[in-house]
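Read off the chains here:
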Amino acid sequence: MSKIHNFSAGPSILPKHVFQEASQAIVDYNGTGLSLLEMSHRSKEFVAVMDEARSLVKEIFNLGDDYEVLFLQGGASLGFLISAYNMLRENKQGAYVNTGSWANKALKEGKWLGSAIEVASSKDANYNSIPKDFVVPDNCDYLHYTSNNTIFGTEFHTIPQTDKPLVCDMSSDIFSRPVDASKFDLIYAGAQKNMGPAGTTLYIVKKDVLGKSSVDIPTMLDLSTHASKDSMFNTPPVFAVYCSMLVLRWIKELGLESIGKTNQGKATALYNEVDRNSMFKGTAQAEDRSLMNACFVLNDGIDEALNSEFLNMCNDAGISGVKGHRSVGGFRASMYNALPLESVEALVDVMKAFETKFA
Ligand SMILES: *Cc1c(COP(=O)(O)O)cnc(C)c1O
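Source: prediction; values computed, not measured. (Residues numbered from 1 in each chain as written. Predicted model: local features only at pLDDT ≥ 70, side-chain atom pairs only at ≥ 80, totals over all residues. Heavy atoms only, no water.)

Side note on the packing of aromatic side chains
- Per the stated rule, a full pass over the model turns up 16 aromatic pairs.
- Aromatic pair Y188 and Y203: ring centres 6.1 Å apart, planes at 20°, arrangement stacked. You can see Y188 sitting in strand β9 (residues 186–190) and its partner Y203 sitting in strand β10 (residues 201–206), a full 15 residues away along the chain. Assigned by exposure class, Y188 and Y203 land together as buried.
- Between F280 and F310 the ring centres are 5.0 Å apart and the planes differ by 65°, which places this aromatic pair in the edge-to-face class. (Phe/Tyr/Trp six-rings, centres within 6.5 Å; stacked < 30°, edge-to-face > 60°. Helix = DSSP H or I, 4+ residues; strand = E, 2+ residues; numbered from the N terminus. Buried < 20%, exposed > 50% of the residue type's maximum accessible area, 1.4 Å probe, protein only.)

Right, dumping it as structure tokens:
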């Protein structure tokens, strides 16, 4: 099989060795004679997997025993609701920064439950930037933001300043760079962008937060339900948690410092070419560009018919997943942790060849 350069936005590229190890676990888990898929989630084998996955998250983020780590289901999309339920206090409203489709959906769930306030938005400019100097009103219980906007290719490069509890949807840039996780009361992230396969959602929650909501929470949406049962209140998505654990081992071994440098190098290589190449322009404001998802379109005045020409050339070079999201158009190159620099170089080569052929 020839090598595919996988720029998919999610589910997305994972380290090759994880696929090999995970496929072995399906056939025979650690010489038990059982597949991981047919053993009890209460078996000592799987309990060890869950425990290791949870403690790896704490080790990678340098978090102490004042935090709980949970692997739940429902995707980050359920996280929008779960975060609101668990963070509401006497004011019964959260503050939201609206920086893209996912952020907007989080706001919508916040409004469903209370009276969420949009404190800043870049919607009018098709989400091409990150709002900076916004104020969080005193009568809000928490500030929610989306650290990386997967669809529009923008990213918070610093943590917003606020004295309110901080909640973050980190689905598409978790573990992509060093971050002071102790600044957050609640972090959640769907696994399938940068941590594992689809099927589980990571929650990192300060223990202080649990059981303090001002609203009644349905059992399954209450994080204290899951925390009190070590993330095993009900049957967890065993395979997704196992694969995530394998990826987390790899992340821990590399360290976030080193991963962050590599990701910076990949993004710089790609954005340099977007800026240099006469056929393309970036869609996000330069200072807010995402290191994970680079969005670019054909330059002004270039024949739109060349969109499909470029995708064909990518396809011929074994490059997959660069068609842009329909709300931005053009192209999106997702450069998650497991994507090697050589894949970015392959894409840059095609961009150059495209310019040579059509400019
Ligand atoms: C993909 C994504 C989501 C939605 O995740 P699901 O697991 O499909 O619910 C939410 N937020 C961000 C930032 C994402 O990238």
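From this point, things continue past the structure.
Topic: the site of the ligand
- Around the ligand, the structure places 13 residues, and the nearest of them are S77, T150, D169, Q192 and K193.
- One of the side-chain nitrogen or oxygen atoms of T150 is found 2.4 Å away from an oxygen atom of the ligand.
- Q192 has a polar side-chain atom sitting 2.9 Å from an oxygen atom of the ligand.
- Protein contact buries 87% of the 390 Å² of open area that the ligand shows by itself.
- It is helix α3 (residues 75–87) that contributes the most residues to the shell around the ligand, four residues altogether. (Near = heavy atom within 4 Å. Polar contact = N/O pair within 3.5 Å; in protein donor to acceptor, adjacent residues only side chain to side chain. Areas by Shrake-Rupley, 256 points an atom, 1.4 Å probe, with all protein chains shown as cover.)

Points about the pattern of salt bridges
- Inspection of the entire model under this criterion finds 18 salt bridges.
- Two residues, R177 and D173, come together in a salt bridge whose shortest N-O distance is 3.1 Å.
- Looking at D173, the relative accessible area reads 3%, which means it is buried.
- For the salt bridge of R276 with E355, the shortest nitrogen-to-oxygen distance reads 2.9 Å. Highlighted residues: R276 in helix α7 (residues 256–276) and E355 in helix α9 (residues 341–358), separated in sequence by 79 residues.
- Three or more residues are tied together by salt bridges with common partners; here these are E21, E52 and R249. (Salt bridge = Lys/Arg side-chain N within 4 Å of Asp/Glu carboxyl O.)

So, the nonpolar core
- In this structure, F71, F175, L248, L270, F310 and L347 are the most contacted members of the largest nonpolar core, which totals 91 residues.
- When residues of this core are assigned to domains, at least three map to each of domain 1 (16–254) and domain 2 (256–358).
- When neighbours within four sequence positions are excluded, L270 is seen to be in contact with A294, F296, A333, M335, V344, L347, V348 and M351. (Core = buried A, V, L, I, M, F, W, Y, C linked by side-chain atoms within 4.5 Å. Domains from an automatic or database assignment. Contact = heavy atoms within 4.5 Å.)

Structural notes on the packing of α3 against helix α4 (residues 101–113)
- For the pair α3 and α4, interaxial distance at closest approach is 9 Å and the crossing angle is 45°. Judged by the inter-axis angle, α3 sits oblique to α4. In the crossing of α3 with α4, the sense of the turn from one axis to the other is right-handed. Two secondary-structure elements touch here, α3 through S77, F80, L81, A84 and Y85 and α4 through W102, K105, A106, E109, G110, W112 and L113. (Axes fitted to C-alpha atoms, helices over the stretch in contact; angles between N-to-C directions. Parallel < 35°, antiparallel > 145°, perpendicular 65-115°, else oblique. Left-handed = near helix turned anticlockwise from the far one by under 90°.)

Quick look at the domain arrangement of the protein
- When the domains of the protein are assigned, the result is domain 1 (16–254) and domain 2 (256–358).
- Taken over C-alpha atoms, the centre of domain 1 sits 28 Å from the centre of domain 2.
- Across the boundary between the two partners, domain 1 contributes 26 residues, which contact 25 residues of domain 2.
- At the boundary of domain 1 and domain 2, one finds two salt bridges.
- Applying the counting rule to domain 1 against domain 2 returns 15 residue pairs in polar contact (both at pLDDT 80 or more).

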